[in-house]
Amino acid sequence: MTTVKAFASPSATDDLVATTIERREVGANDVLIDIKFAGICHSDIHTVKGDWGPQQYPLVPGHEIAGIVTEVGSDVTNHAVGDRVGVGCMVNSCRECVNCLAGEEQYCLKGNIGTYGAVDRDGTITQGGYSTHVVVDKDFVVRIPEGIDLDVAAPLLCAGITTFSPLNHWGAGEGKKVAVVGLGGLGHMAVKIAAAMGAEVTVLSQSLKKQEDGLRLGAQHYYATSEPETFERLAGSFNLIINTVSASIDISAYLQLLALDGALVNVGAPAEPLPVNAFALIGGRRSFAGSMIGGIRETQEMLDFCAAHKIGAEVEVISADKINEAYERVLASDVRYRFVIDTATL
Ligand code: NAP
Ligand code: ZN
Ligand code: ZN
């Protein structure tokens, strides 16, 4: 065991504090990563606050990890010391079920092992990326291509793959009209990636405050959802809507914005239910779907796609003593567009 620095949440209500945690010895199939940057995802906040159910504390969040390999186990051939690598939302899965075999480990039928707050194979509770080092199985470590700096790469490991996967699955591209609801961490990646795929992108944000940014990131259109005429004007417009909102919204109103056979894919994960009016679906053979992160193979594909299109996240790099303030700002939708912790400050 090695003792390393970390920032942890002591309870559902306390601020995060500096601490130390233990990392396991590097096993034959493990990679030791010197973490350089860790993104702050809204899921970290949902988790530590207990929105998704009770947690075991202290809990070290962080599943947008970018760093450098400093040691590899004896059976590791796919990563080497000095490599630039990333770790996202999961660090293991059963590897045997139909979904794991299909490369969709995030949907492992036995449950994937989350990067933090999950019971690891050795019975310990996993601890995440707000930390200086992590030991991860080689098969759950991806390569960060040259050409993407590590700070702007970190958010790709969750926000990037969570939006790339449904855009890819539902065929965003030339001739497709894609709307992105919520311009936060996930939303701004959805805009960049959908635009790079060739789709015509529209941002649906609560206000027009971020309009200039939305257009700079690659959207062609930008509307405020606080204005009722937005819903009249855009009725029946989109082939695909990606909802990234962290709170419950009126899904039926957004379904009305879909063209025939369109799909609204929910990636936002509010604690509250999202009620749907059946008529909003049946009136246009519409689909209401969900999507969770992406598999390891697709995560690598996403990183390679982002490198080829020179896409990174828009980040505000912060020191560890600003984590609690950053949480408040994310909750107030005051993030442009991802806070990333410089782990040298832990
Ligand atoms: P974020 O940076 O806070 O962005 C969410 C955006 O939603 C905000 O910037 C805001 O955009 C909009 N919003 C927030 N509250 C709203 C409200 N009450 N009504 C309408 N719009 C509101 O969060 P994130 O990190 O992108 O994560 C978004 C959600 O996705 C979270 O629930 C997170 O847990 C979930 N998530 C899911 C997956 C998955 O695998 N499915 C992966 C990662 C995260 P505007 O100011 O532009 O309106
Ligand atoms: Zn996340
Ligand atoms: Zn499995």
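Naming follows an unreviewed UniProt entry, where the protein chain appears as alcohol dehydrogenase (NADP(+)) of Arthrobacter ulcerisalmonis. According to UniProt, the comment filed for the protein chain under the heading Sequence similarities (unreviewed entry) is "Belongs to the zinc-containing alcohol dehydrogenase family." In its Catalytic activity (unreviewed entry) section, UniProt records this for the protein chain: "a primary alcohol + NADP(+) = an aldehyde + NADPH + H(+)".

J.: Now, about the domain arrangement of the protein chain: what can you tell me, with residues and values included?
T.: Domain assignment breaks the protein chain into domain 1 (2-158 + 294-345) and domain 2 (160-290). A C-alpha centroid distance of 26 Å is found between domain 1 and domain 2. Every element with two or more residues in the side of domain 1 that touches domain 2 is listed here: helix H1 (42-48) and helix H10 (296-308). Element by element, the count of residues in the side of domain 1 that touches domain 2 is highest for H10, at five residues. Grouping the amino acids of the side of domain 1 that touches domain 2 by side-chain chemistry returns 13 nonpolar, eight polar and five charged.

J.: Hey, could you go over the pairing of strand E3 (residues 30-39) for me, with residue numbers and the actual values?
T.: Of all 10 residues in E3, nine are buried, a share of seventy percent or more. Examined bridge by bridge, E3 and strand E8 (residues 133-137) share five bridges and lie antiparallel to one another. What sits directly across from Asp30, in E8, is Asp137. Strand direction decides the pairing type here: E3 and strand E4 (residues 65-72), joined by seven bridges, are antiparallel. Among the inter-strand pairings, Ile33 is bridged to a residue of E4, identified as Val69.

J.: Which residues make up helix H5 (residues 185-196), and what are the values?
T.: With 12 residues, H5 should reach 16 Å at 1.5 Å per residue; the first-to-last C-alpha distance of 17 Å fits that figure. Of all the 12 residues making up H5, 12 are buried; the element is thus mostly covered by neighbouring parts of the structure. All of the buried residues in H5 are Gly185, Leu186, Gly187, His188, Met189, Ala190, Val191, Lys192, Ile193, Ala194, Ala195 and Ala196.

J.: Pulling in residues and values, what's your account of the sheet that holds strand E10 (residues 177-181)?
T.: Strands sit in the order E12-E11-E10-E13-E14-E15 across an open sheet of six strands; the sheet is parallel. Strands at the two margins of the open sheet, each flanked by one partner only, are strand E12 (221-224) and strand E15 (287-290). Going from strand to strand, the sheet's axes swing by 20 degrees on average, the running direction of each strand aside. Two strands pair when backbone bridges link them, and strand E13 (residues 238-243) and strand E14 (residues 258-266) are joined in this way by five bridges, in the parallel orientation. The residue of E14 that forms the bridge with Phe238 is Leu258. Each of E10, strand E11 (200-205) and E13 touches H5; the most contacted strand, E10, lies at about 165 degrees to it.

Scoring rules and cut-offs
Residues numbered from 1 in each chain as written. Chains lettered and ligands numbered in written order. Predicted model: local features only at pLDDT ≥ 70, side-chain atom pairs only at ≥ 80, totals over all residues. UniProt positions renumbered as here; feature names shortened; annotations may be inferred. Domains from an automatic or database assignment. Helix = DSSP H or I, 4+ residues; strand = E, 2+ residues; numbered from the N terminus. Nonpolar A, V, L, I, M, F, W, Y, C, P; charged D, E, K, R; others polar. Buried ≥ 20, exposed ≤ 12 C-beta atoms within 10 Å, placed from the backbone. Pairing = 2+ DSSP bridges. Expected span 1.5 Å × (residues − 1). Axes fitted to C-alpha atoms, helices over the stretch in contact; angles between N-to-C directions. Contact = placed C-beta atoms within 7 Å.

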